[in-house]
Amino acid sequence: MSPRRLVWLLALALPCCVLAAVMLGAVRLPALDVLAVLVGRDEGLDRLALIVRQLRLPRALLTGLVGALLAICGAAMQGLFRNPLADPSLIGVTAGASVGASLVIVFAGGVAGFVGLSLVSLGAFVGGTAAVLLVYRLATGPGGTSVATMLLAGIAIGALAGSVGSLLEFHADNEMLRRISLWRMGGLDGANWSRVAIVAGVSALIFAVLPRQADALNALLLGESEARHLGIAVDRIKRRLVLLTAAGVGVSVAVAGAITFVGLVVPHIVRMLIGPDHRWLLPASALAGAILLLVADTLARVVVAPTELPVGLLTALLGAPFFISLLRRRREYGL
Amino acid sequence: MSERLLEVEGLALTAGGRTVVEAVEFVLAAGQHLAVIGPNGAGKSTLIHALIGDVAPAAGSIRLAGRALADWPARERACRVALLPQASALGFPFTVAEVVRLGRGPHASGSVADRDIVAQTLAACDIAHLRERAYTQLSGGEKQRVQLARVMSQIWRAEDAGDRLLLLDEPVAALDLGHQRLVMREVAALAARGVAVVSVLHDISLAARYADRMLALREGRTIAAGTPAEVVTAEGMQRLFDTRTRVIVHPDSQTPVVLHG
């Protein structure tokens, strides 16, 4: 498939998925009424307008943004590590971000609302950055990144995150416990406009800056010194990529909890369709990630309505078999 | 064309606190090909990596077109100096044409010109028939030719940059006889268009056939330097490799040929 066509297809499919996500749920809303509310003509549709404005729309936007963030950050991280198995949740970035966020919840739990959420996001960002830096330092030598070290470092960080989490729970009171456990399950059901605002802010930064690193990422795939020989300021680019991907993963963990495999599966599917050129891979992954998570979340809400499945369960159900198939075919990737 | 495109003076290089190269000197003019020979661990690769700025000199200087190598902005240097590494780590399925196009990265010559240059270098390395194949599925020799086409496209045109330098670290190690000859001829054609070449070669006879001058290194020190006929002698090979050889003259090219074994 030509890269341009794929990006167009995805860009056309995305609004349809957003609309479907707003329409479908425990109560099914008619498409025309939803459209009328979305364009601001909601006379006589008070109850429906309330559902759309306060529940479905913020949730659909949050879902789409988080999916896009996870996928584009996964794609960039795989380029940075020069390794197609680098995924935020596998290499401990998600776990690091979780620890950072839990610490903030427990020790600054009194701060609520927008400021509190910003603090949690900041904690997740710091935790995520520390994890990427640690994994990168451990796993990367002059000849590239060792998969074994990378995954082992991920396990170590995951274990550390688990024990820090348990320690925190030990010390937390009931209210904090509830928040931590809700938060750990992840999920997009806590969507509200202040979460959308925070994710939208970080997303705007990442979608503006990451695609501009596409040429550098392509050169980096050749190897670090090869990229340097092509005139790329490798150290600066690496620093930028680590900070951006940690911010993206951190904020998505902070608002939606740990959603696994989106960052791994989406860039892979896109690469199979159009190849590894980051100039197309990055935007196409962002669009496809938004679509995948919107579909998964809509399913999660519809399948067992009126209750819902955790969306992470669906992404893992989809992602784990895919990951196993990748492992089986790893020789094709030279791992 | 520059008579003193690359000037190396009193160069010493260290790696991990150990002196790897010491007191190496040479001057290379545009269009000249210098072949560096020597036993394993002689410092050949370190030397060639120093010539692109990967390793900073511990003593002495490297000047490119009259300016110290370290003073060149990365982008400008990349338009003039390209290095073919011994091995490549590329593990993502770029097509062959995409890999070669990466060599055009430092230039802003436009996609039309770039496509043309990619086509020319693909033909020069005899890989035009592979252009849409995935790099990861190629054989070792094919990969090496793709990487060579990539670094050639980086310094292909005189209008991008006048003074150009091509560094080759064992460019023919994985190639069959036919492709060894093809690659060395294409490198010679590039040199004829004003590119200075520094290569590390293990096949002494091949080096003597295609290089204008040779530099023999052992434990980082210059054992011999000069024309192939001056450097490649039975006595010189004995000092360099501790092994007995016979050196005869090639009946066609009149260059020295090392017989061993």
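Residues numbered from 1 in each chain as written. Chains lettered and ligands numbered in written order. Predicted model: local features only at pLDDT ≥ 70, side-chain atom pairs only at ≥ 80, totals over all residues. Heavy atoms only, no water.

## Remarks on the side chain of E226 of chain A
On the secondary structure map, E226 of chain A appears in helix 10 (residues 224-229). Of the side chains with opposite charge, R150 of chain B lies nearest to the buried E226 of chain A, which makes no salt bridge, at 5.1 Å. Those residues within four positions of E226 of chain A in sequence are excluded, and the remaining contacts are P85, A87 and R150 of chain B. (Helix = DSSP H or I, 4+ residues; strand = E, 2+ residues; numbered from the N terminus. Buried < 20%, exposed > 50% of the residue type's maximum accessible area, 1.4 Å probe, protein only. Lys, Arg positive; Asp, Glu negative; His and termini not counted. Salt bridge = Lys/Arg side-chain N within 4 Å of Asp/Glu carboxyl O. Contact = heavy atoms within 4.5 Å.)

## Some thoughts on helix 4 (residues 93-107) of chain A
Counted at 1.5 Å a residue, the expected span for helix 4 of chain A with its 15 residues is 21 Å, and the 21 Å between its end C-alpha atoms agrees. Across the 15 residues of helix 4 of chain A, 13 count as buried, placing the element largely inside the fold. (Expected span 1.5 Å × (residues − 1).)

## Observations concerning the interface of chain B and chain A
On the side of chain A, 21 residues touch chain B, which itself brings 27 residues to the contact. Overall, the association of chain B and chain A removes approximately 1900 Å² of surface from exposure, summing both partners, and the carbon and sulfur fraction of that is 62%. Looking only at chain B, the three residues that lose the most surface to chain A are F92, F94 and L102 of chain B, adding up to 32% of its buried area. Connecting chain B to chain A are zero salt bridges. Connecting chain B to chain A are three residue pairs in polar contact (both at pLDDT 80 or more). (Buried area = accessible area lost by both parts, 1.4 Å probe. Polar contact = N/O pair within 3.5 Å; in protein donor to acceptor, adjacent residues only side chain to side chain.)

## Details of the environment of G162 of chain B
Along the chain, G162 of chain B turns up in the loop between helix 5 (140-154) and strand 7 (164-169). With 83 residues separating them along the chain, G162 of chain B and C79 of chain B place their C-alpha atoms 9.5 Å apart.

## Comments concerning the sheet that holds strand 3 (residues 33-37) of chain B
Residues and elements named next belong to chain B. The six strands are arranged 6-7-8-3-9-10 in an open sheet whose pairing can be described as mixed. Across the chains shown, the open sheet's two edge strands, defined by having one partner strand only, are strand 6 (81-84) and strand 10 (221-226). Neighbour-to-neighbour, the strand axes of the sheet open up by a mean angle of 15°, direction not taken into account. Against the sheet, helix 5 contacts strand 6 and strand 7, and its axis sits at roughly 175° relative to strand 6. Packed on one face of the sheet, helix 9 (residues 234-241) meets strand 3, strand 9 (213-218) and strand 10 and runs near 35° to strand 9. (Pairing = 2+ DSSP bridges. Axes fitted to C-alpha atoms, helices over the stretch in contact; angles between N-to-C directions.)

## Here we look at a nonpolar patch on the surface
Residues and elements named next belong to chain A. A cluster of nonpolar side chains, F114, V115, L119, L122 and V126, forms an exposed patch at the surface whose accessible area comes to about 450 Å². By the element assignment, F114 lies in helix 5 (residues 113-139). Overall, F114 belongs to the partly exposed group, its relative accessible area being 45%. (Patch = residues over 30% accessible without salt bridge, like charges linked within 9 Å, V, L, I, M, F, W, Y side chains within 5 Å. Areas by Shrake-Rupley, 256 points an atom, 1.4 Å probe, with all protein chains shown as cover.)

## Details of the packing of aromatic side chains
By convention here, two paired aromatic rings are described through the distance between centres and the angle between planes. Evaluation of the coordinates by the stated rule reveals one aromatic pair over all chains. A ring pair is formed by F81 of chain A and Y136 of chain A, whose centres lie 5.3 Å apart and whose planes are at 70°; its orientation type is edge-to-face. Here F81 of chain A is found in the loop between helix 3 (46-80) and helix 4, whereas its partner Y136 of chain A is found in helix 5, with 55 residues between them in sequence. Accessibility expressed as a relative area gives 0% for F81 of chain A, which makes it buried. For R67 of chain B, the ring lying beneath its charged end belongs to W72 of chain B, and the centroid distance is 4.2 Å. (Phe/Tyr/Trp six-rings, centres within 6.5 Å; stacked < 30°, edge-to-face > 60°. Lys NZ or Arg CZ within 6 Å of the ring centre and 35° of its normal.)

## A short note on the pattern of salt bridges
One pass over the structure, following the stated rule, counts 18 salt bridges over all chains. Note that D297 of chain A and R301 of chain A form a salt bridge whose closest N and O atoms lie 3.5 Å from each other. A residue pair is termed a helical-turn pair when its members lie 3 or 4 positions apart in one helix, as D297 of chain A and R301 of chain A do in helix 13 (residues 278-302) at four residues. Its salt-bridge partner being R131 of chain B, residue E132 of chain B comes within 3.4 Å of it at the nearest N-O pair. Overall, R131 of chain B belongs to the partly exposed group, its relative accessible area being 31%. Here the salt bridges share partners, and the residues they tie into one network are R82, E224, R228, D235 and K238 of chain A.

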